[in-house]
Amino acid sequence: MIANIIGSLLSLIITGLLAINFRLYGALIALSIYQSVAFFVTFFICYKSDWFKISYLFGKIDPEVLKKISSFALMAIVSVVFGNLSQIILRNLIISEYDVAYAGYWDAMTRLSGGYLMFASTILAVYYLPRLSELKKYKDIKKEINYGYKVILPLACILSLIIYFYQDFIINLLFTKDFLPMKELMFWQLVGDVIKIGSWIISFMMLSKAMTKIFIVTETIFALSIIPLSVFFIHHFGFKGIAMAFALNCLLYWIVCSYYSFKKLKRLSYEPC
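Source: prediction; values computed, not measured.

Some details on the environment of serine 203
Within the secondary structure, serine 203 sits in helix H6 (residues 183–208). A relative accessible area of 4% places serine 203 in the buried class. Along the primary structure serine 203 and glutamate 219 are separated by 16 residues, whereas in three dimensions their C-alpha atoms are 9.4 Å apart. Residues in contact with serine 203, not counting those within four places in the same chain, are Phe215 and Tyr253. A polar side-chain atom of serine 203 sits 3.0 Å from the main-chain carbonyl oxygen of tryptophan 200.

Structure below.
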């Protein structure tokens, strides 16, 4: 956790300095190197720890461990590839329906969402994922998921309401008044973000239990299903339709993942609740 915090702070400082001094070019450089900064910070902190030895980085490959790690790697690759692919297609869709400026408004909205969604994903990755991994009984897993909904989801709702009511101030602070048209997306995007955090609680449970097949299938389907949904909603509701499609897609993902993951859990010899 300390390594994550220090790495994030250094990345923020470096990004700020490069963006201030070199503007867009500096921001692009920061985007390409901030992960490397986090890596070196983590490595340095681990190197100073008593338990760490360089020799731990080398050794024989355990086939059983490799099999388990490859499942997680495959899930991560699928999520990144199809997630980025759908983003590219959606950006081109907006450009074709409207123009580059509207694609910029949409991209700014998604960046704003990504910024505060990072807060939720950090909590889930640091506490929630390890906690779910150590639980074996079905009733304990279900209890922990319910606890996540009682704590994490209300925080997401509060944060979304703050952003919504102060959207003019936030847009002018982070962007410029030229980006005010992105307000058209704000309500449905924030609704979708809250739903997305709710679905993340389930997807992190799927990750913790290595439900590779379910995770890959649902990630692929719903990364791509947002494209026809966006076409439909843009046609019927205009520019804000893309945010409405996002909210609906997240809701469907949440429902489907909940159904199949809990069904799978009950078959894994966990104690019934």
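Some thoughts on the packing of helix H7 (residues 212–237) against helix H8 (residues 241–266)
Look at H7 against H8: their axes get within 8 Å of each other, and the N-to-C directions meet at 155°. Looking at the two axes, H7 sits roughly antiparallel to H8. The two elements H7 and H8 meet at a crossing, and its hand is right-handed. Taken together, the residues of the contact of H7 with H8 sort by class into 17 nonpolar, six polar and two charged.

Let's talk about the packing of aromatic side chains
Taken as a whole and assessed by the stated rule, the structure comprises 16 aromatic pairs. The rings of Tyr98, Tyr102, Tyr105, Phe175, Phe179 and Phe239 are connected pair by pair, giving a single aromatic cluster.

Section: the pattern of salt bridges
All chains considered together, the criterion is met by three salt bridges. Residues aspartate 107 and arginine 111 are paired through a salt bridge, measuring 3.6 Å at the closest nitrogen-oxygen approach. You can see aspartate 107 and its partner arginine 111 sitting in helix H3 (residues 100–134), four residues apart, about one turn around the helix. The partner of aspartate 168 in a salt bridge is lysine 183, with the nearest N and O atoms 2.9 Å apart. Here aspartate 168, found in helix H5 (residues 167–174), pairs with lysine 183, found in helix H6; they are 15 residues apart in sequence, far enough to count as distant. A residue is classified by how much of its surface remains accessible, and aspartate 168, at 36% relative accessible area, is partly exposed.

Details of the state of the cysteines
This model, assessed by the stated rule, comprises zero disulfides. Unpaired in this structure, cysteine 157 has its nearest cysteine sulfur neighbour in cysteine 250, at a distance of 14 Å. Overall, cysteine 157 belongs to the partly exposed group, its relative accessible area being 33%. Free cysteine cysteine 250: the closest other cysteine sulfur is in cysteine 257, separated by 11 Å. By relative accessible area, cysteine 250 is classed as buried at 7%.

Reading the values: the criteria
Residues numbered from 1 in each chain as written. Predicted model: local features only at pLDDT ≥ 70, side-chain atom pairs only at ≥ 80, totals over all residues. Heavy atoms only, no water. Helix = DSSP H or I, 4+ residues; strand = E, 2+ residues; numbered from the N terminus. Buried < 20%, exposed > 50% of the residue type's maximum accessible area, 1.4 Å probe, protein only. Contact = heavy atoms within 4.5 Å. Polar contact = N/O pair within 3.5 Å; in protein donor to acceptor, adjacent residues only side chain to side chain. Axes fitted to C-alpha atoms, helices over the stretch in contact; angles between N-to-C directions. Parallel < 35°, antiparallel > 145°, perpendicular 65-115°, else oblique. Left-handed = near helix turned anticlockwise from the far one by under 90°. Nonpolar A, V, L, I, M, F, W, Y, C, P; charged D, E, K, R; others polar. Phe/Tyr/Trp six-rings, centres within 6.5 Å; stacked < 30°, edge-to-face > 60°. Salt bridge = Lys/Arg side-chain N within 4 Å of Asp/Glu carboxyl O. Disulfide = S-S within 2.5 Å.

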